[in-house]
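Each chain is listed here by its residues.
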Amino acid sequence: MMKKVYILSHSHWDREWYLPYEQHHMRLVELIDDVLALFETDPEFKSFHLDGQTIILEDYLQVRPEKEALLRKHIENGKLKIGPFYILQDAFLTSSESNVRNMLIGIEDSRKWGAPVEVGYFPDTFGNMGQTPQLMRQVGFKTAAFGRGVKTTGFNNAVVDDEKYASQFSEMWWKGPDGSEILGLLFANWYSNGNEVPDTPEEAKAFWDQKLADAEQYASTDHLLMMNGCDHQPVQKNLSKAIRLANELYPDVTFIHASFDEYLAALEKDLPKNLNTVTGELTSQETDGWYTLANTASSRMYLKQWNARVSRQLENIAEPLATMAYEETGEYPHDQLTYAWKTLMQNHPHDSICGCSVDEVHRENVTRFEKANEVGKYLADEAAAQLIKNIDTASLSEEGSNGYPFVVFNTSGSEKTGSVTTWVEVERLPFSEGMPQELYARLKERKGLDFEVKNAQGEVVPSHIIADKVDFHYDLPKDKFRQPFVARYVQVELLMTDVPGLSWQTFLLAPAAEKKAASTEANIASSNGRVLENRWLKAEIKDNGTLTVENKDTGKVYENLLQFEDVGDIGNEYIFKQPENERPIYSMDSDIEVQTVKNTELAAAIEITANMEIPVSADERLEEEQRSMIEFRYREAQRSKETTTMVVKTTVTLEKDSRQLKFATKIVNNSKDHRLRVLFPTSLQTDTHFADSIFEVVERPNKVNKDWQNPTNPQHTHAFVNLHDAENGMTVATVGLNEYEVLAQNDQQTIAVTLLRSVGELGDWGYFPTPEAQCLDTYTMTYALSFHGQKGIERTYQEAMNVQVPFSVYQTSVHSGSLKPDTQFIAQTDERLALTAFKRNKENNQIVTRLYNLANEEVSLDLKVMGHEAQNCNLLEEPEKTANPSVVEPFEIVTQSWQKN
Ligand SMILES: [Zn+2]
């Protein structure tokens, strides 16, 4: 059969990277101008692939709104190929829901213009997540194209050692953990293998001889794909001439200007039977380990912390509250949420969230996070205001008594335990009543009252008044001018135990009948401030700052927990590289201070300060090695002899009834070129461990393959890392700390979580200094630790995810209302099922839930939304013909739509 070459024009559009956003943006305007002009003038220039991201249309029209009609014309006539995604996101550093919303919004935007290209397009993604096949199948796609993650062996090396992560051909079957299968297209010669085609005979011959041979080495059929474009590549204006020439030079080969549709239609007909099948996540497991780019998970850690915060604000706070409020108002802020999601997702491309761009880019990332977060907070407050207005609080307040009702919402999808601290307004003086400074002074004179907290049943619940204050504040009524006032507030702490997911409870802060005598008997911390204990855990702080913790359920004792390890880093934003033969510096060898900062019967907190003496930076060789572009692997720089003190202050908190030890580590970083990690030795021996990935608890090997050269094996997580044997297990929960490694130490496994990584250059194809990637600032990192026995593994996963979703507390007035003071919106699901979405459908305002299976076993689907009936949906929230499932298969993602009954 005759060879056929499909030349596909595109430009891989990193919106921001080694140049600030607007520098690339202005070039994008020129690119699209040129492409549109070419469509008008060259009838042989058939189509242009718009890099799989619809945001390019928005970026262009922002500058050239008058070109909308022309854009539409060329999308409708099939020349400009758009979608299917909103942006090209990093797969591992964006949440499960972010991965879905990128498709949902991208496909919705595509359909406003025409039809999306139905190919999962991941040309530059730094490794591919395991659930991609299922996610693609659930939006009706049967193909994904990607540039990394799989080793191709080609024809010269016909034996594939480990078929899971290697393929003989550039085409392969890709199977997800649930069994979903798609066709995978690897850009084996990169997504630029047909870039800049010469239009003079001699050069064209040399070019094609090489390019055809390169493609044939991996192609499984006679259909060869040539990607005519690269990063920010201007469109090739003489391509038609170059294609005509190629057809003249190679009479036995047909060259055509083509789109994915044409290439795929031909390819699918001729696929051979012997394609390899790769399985699950594709993270370059079978390579030498240097270029997995997994260390982007620890570059500019502040971005990852922001991302976790904003993702939770939208997914787990604003959307659930707005979904519940709809029942009262009949309104849902679809447009505002889409705007917030789009703003957040603009930070999700692989060069943005990965922290591997120049400083200007990441400053703008922070601004976008702030913007998306403020929208999320506004929408949450608006929805909560609608709910609390209708919650009956009159029944809590006895006739004539002074009471201050407030509502505690658990907006997460699962049961939550923990203490809640909130400010409650107890007296208000509006500005209309006097001069602000007088009003302030009047309130300041008021004597402190003692208060107690009662629940909806009128029972007094354990609580503490922590502080009081007088403060300025204001209301912004919807129909009146702003209302400023001065008010007195008391800060109250109470304990919430086993609060069901998506529920609220109402409390009343009321003057206490009598002053409570302070008792210290039941306090969580011991009087010497060295032991924290409740009914689940006992943690002892050692002189060297480490913890010995007993899981009282099983009696298993874990020692030497909470070690801090600091090493040099002479790599870049992409890749960590420790100086040769350098010895780590540990907190246990530093000056340690221990102090009790809080101790009641509800919660106790102990602060452990490690004053770590570490080098100020790498030595002077590093800058010269960076400037001369010596690859990190061959650098000889060491750490400087000059040192400084890095203060690492960790607050360890244990709450009554909680099965988690919670940590907040404040780091004052004055050092460059280093990496700080926290280590949790598990004292367990296992071959594999488990981590939170996209809709998947992924099991990863503790050991690397035989070809692995990199001394480290960094991995991604979102909310947790777990390691367990048959009897015991430990789960480290992380909040915006996406990088970990499982280390083998003395035959046992240690979980190491990166807290901070400081580097001075971008890396990649030149020298781009990034002084702000040194992260010279003060940061607070939060994480937690929990344990399990033979059972309860998934409980620790839910607890870990829940650490990221705080209780939401809103004060209200005493009034009657149609909603009960204590309300549960859903029936609790099995702890093996994790709810990721609780939102409304844009078309019909029905409730949409999405969940997945945390366990590798079939689980009955017992989710119920009160007063609603379920229908099975796909990821685009379109009803499926299939019946509502009664079970969730291992690794299955289930989306349901709920109609009021
Ligand atoms: Zn890229």
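Up top is the structure these notes are about.
Here goes a summary of the coordinates provided. Bear in mind that the values here come from a model prediction, so they are computed numbers and not experimental data.

**Notes on the packing of helix H1 (residues 21–41) against helix H2 (residues 55–63)**
Put simply, H1 and H2 touch, their axes get as near as 9 Å, and they point 90° apart. Taken together, the axes of H1 and H2 are roughly perpendicular relative to one another. Taking contact as the criterion, the partners of Tyr 21, His 25, Met 26, Leu 28, Val 29, Ile 32, Asp 33 and Leu 36 in H1 are, on H2, Ile 56, Asp 59, Tyr 60, Gln 62 and Val 63. A class-by-class count of the residues in the contact of H1 with H2 yields nine nonpolar, two polar and two charged.

**Describing the packing of aromatic side chains**
Tallied over the full model, the rule gives 32 aromatic pairs. Their ring planes at 40° and their centres at 5.8 Å tell us that Phe 431 and Phe 472 sit as a pair that is tilted. Here Phe 431 is found in the loop between strand E14 (416–430) and helix H12 (436–445), whereas its partner Phe 472 is found in strand E17 (residues 463–475), with 41 residues between them in sequence. Owing to a relative accessible area of 27%, Phe 431 belongs among the partly exposed residues under this scheme. The partly exposed category is assigned to Phe 472, whose relative accessible area is 45%. In this structure an aromatic cluster arises from ring pairing among Trp 17, Tyr 18, Trp 765 and Phe 768. Against the face of Phe 485 rests Arg 428, its NZ or CZ located 3.6 Å from the ring centre.

**What about the coordination of the zinc ion?**
Summarising the metal site, the zinc ion is bound by the protein donors His 12 (NE2), Asp 14 (OD), Asp 124 (OD) and His 350 (NE2), whose distances to it range over 2.0 to 2.1 Å. Here the zinc ion is ringed by four donor atoms whose angles at the metal span 91 to 159°, and the overall shape comes out irregular. We note that the donor set of the zinc ion lies within a single chain, spaced as H-x1-D-x109-D-x225-H. One end of the pair, Asp 124, is in the loop between strand E4 (120–122) and helix H5 (132–137); the other, His 350, is in the loop between helix H10 (334–345) and helix H11 (359–390), with 226 residues separating them in the sequence. Given the relative accessible area of 2%, His 350 is considered buried.

**Side note on the pattern of salt bridges**
Counting across every chain of the model gives 62 salt bridges. Across the pair Asp 569 and Arg 757 runs a salt bridge whose closest N-O atoms are separated by 2.7 Å. With a gap of 188 residues between them, Asp 569 in the loop between strand E24 (563–568) and strand E25 (585–586) and Arg 757 in strand E37 (residues 748–758) connect regions that are remote in the sequence. Of the charged contacts in the structure, one is a salt bridge between Glu 631 and Arg 633, with a shortest N-O distance of 2.8 Å. Its relative accessible area of 23% is what places Glu 631 among the partly exposed residues. Owing to a relative accessible area of 27%, Arg 633 belongs among the partly exposed residues under this scheme. Here the residues in one salt-bridge network are Glu 58, Glu 108, Asp 109, Lys 112, Lys 342 and Lys 842, joined through shared partners.

Quick notes on the rules
- Residues numbered from 1 in each chain as written.
- Predicted model: local features only at pLDDT ≥ 70, side-chain atom pairs only at ≥ 80, totals over all residues.
- Heavy atoms only, no water.
- Axes fitted to C-alpha atoms, helices over the stretch in contact; angles between N-to-C directions.
- Helix = DSSP H or I, 4+ residues; strand = E, 2+ residues; numbered from the N terminus.
- Parallel < 35°, antiparallel > 145°, perpendicular 65-115°, else oblique.
- Contact = heavy atoms within 4.5 Å.
- Nonpolar A, V, L, I, M, F, W, Y, C, P; charged D, E, K, R; others polar.
- Phe/Tyr/Trp six-rings, centres within 6.5 Å; stacked < 30°, edge-to-face > 60°.
- Buried < 20%, exposed > 50% of the residue type's maximum accessible area, 1.4 Å probe, protein only.
- Lys NZ or Arg CZ within 6 Å of the ring centre and 35° of its normal.
- Donors = N, O, S within 2.8 Å, 3.2 Å for Na, K, Ca; no water.
- Tetrahedral: all angles 85-135°; square planar, octahedral: opposite > 155°, others 65-115°.
- Salt bridge = Lys/Arg side-chain N within 4 Å of Asp/Glu carboxyl O.

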